[in-house]
Amino acid sequence: MSTGSESDTTGGVLAEQLLRLTRRLHRIQKRQMEPLGITPAQGRLLRLVAHHDGDLPPRMADLAARLEVVPRAVTTLVDGLEAADCVRRAPDPANRRVIRIELTETGRATLRRLRNARTDAAEEILAPLTAEQREVLGGLLNALADVPAERPC
């Protein structure tokens, strides 16, 4: 039977291991994405635009809410992606004051290259694991990812 301090120590070790793995994954993904000329944050925005539910492309405010950032941060990301011809700003047909963000053909091609870069980064991380270990890890990650968000105190 473990004591409270053993549990705290194990939790602390696991937390540190998860943080180290997350930092390593981010470094590898950043290295894989550099040749594409976009940042990880721009990649997240591209994926959101591509997978937006609804009849119309997302509004800037929709993207800010989904990314949990201030609208100004989305403006900066869209500016960079628009300069790279990955997205374009389009007025909303019902309200011309509203700007919607559309994916371009270049953006779609960039997304395909991003998926490949992310797959390569994951493969680099997972390379030391056997197929069985990968399956176990996948199950554990699903269990952790599917935990409902904690309620605020």
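Definitions and cut-offs
- Residues numbered from 1 in each chain as written.
- Predicted model: local features only at pLDDT ≥ 70, side-chain atom pairs only at ≥ 80, totals over all residues.
- Heavy atoms only, no water.
- Core = buried A, V, L, I, M, F, W, Y, C linked by side-chain atoms within 4.5 Å.
- Buried < 20%, exposed > 50% of the residue type's maximum accessible area, 1.4 Å probe, protein only.
- Helix = DSSP H or I, 4+ residues; strand = E, 2+ residues; numbered from the N terminus.
- Contact = heavy atoms within 4.5 Å.
- Salt bridge = Lys/Arg side-chain N within 4 Å of Asp/Glu carboxyl O.
- Expected span 1.5 Å × (residues − 1).
- Arc of directions from axis to C-beta.
- Axes fitted to C-alpha atoms, helices over the stretch in contact; angles between N-to-C directions.
- Parallel < 35°, antiparallel > 145°, perpendicular 65-115°, else oblique.
- Left-handed = near helix turned anticlockwise from the far one by under 90°.

*Asks:* Quick question: what am I supposed to make of the nonpolar core here?
*Replies:* Counting 22 residues, the largest nonpolar core has Leu45, Leu46 and Val74 as its most contacted members. Elements represented by at least two residues in this core include exactly α2 (40–50), α3 (60–67), α4 (71–83), β2 (99–103) and α5 (105–126). When sequence neighbours within four positions are dropped, the list of residues in contact with Leu45 reads Leu63, Leu67, Val74, Leu77, Val78 and Leu81.

*Asks:* Can you walk me through the pattern of salt bridges in this structure?
*Replies:* Opposite charge on two side chains lets them pair, provided their charged atoms get close. Summed over the entire model, instances satisfying the criterion amount to nine salt bridges. The partner of Glu105 in a salt bridge is Arg108, with the nearest N and O atoms 3.3 Å apart. Here the residue Glu105 and the residue Arg108 both occupy positions in helix α5, the gap between them amounting to three residues, near one helical turn. A relative accessible area of 58% places Glu105 in the exposed class. Overlapping salt bridges bring together Asp79, Glu82 and Arg89 as one network.

*Asks:* What should I look at first to understand α4 in this one?
*Replies:* In an α-helix there are 3.6 residues to a turn, and that puts residues three or four apart on one side. The terminal C-alpha atoms of α4, which comprises 13 residues, lie 18 Å apart, in line with the 18 Å expected from a rise of 1.5 Å per residue. Inspection of α4 places Val74, Leu77, Val78 and Leu81 among the buried residues, and these make up the whole buried set. Projected onto a plane normal to the axis of α4, the buried residues spread over an arc of 100° and lie on a single side. Those residues of α4 that are exposed and angled more than 90 degrees off the buried face are Arg72 and Ala83. In this fold, the buried residues of α4 make contact with α2, α3, β1 (87–91) and β2. At the exit of α4 stands Asp85, carrying a positive phi of roughly 60°.

*Asks:* What am I meant to see in the packing of α2 against α3 here?
*Replies:* The packing of two helices is summarised by the inter-axis angle and the distance between the axes. Close contact between α2 and α3 brings their axes to 11 Å; oriented N to C, the two are set at 120°. Between α2 and α3, the angle is such that the two are oblique. Every pair of crossing elements has a handedness; the one defined by α2 and α3 is right-handed. Contacts between α2 and α3 involve Arg44, Leu45, Leu48 and Val49 on the former and, on the latter, Leu63, Arg66 and Leu67.

Read these as layout, nothing more, since geometry by itself doesn't imply function.
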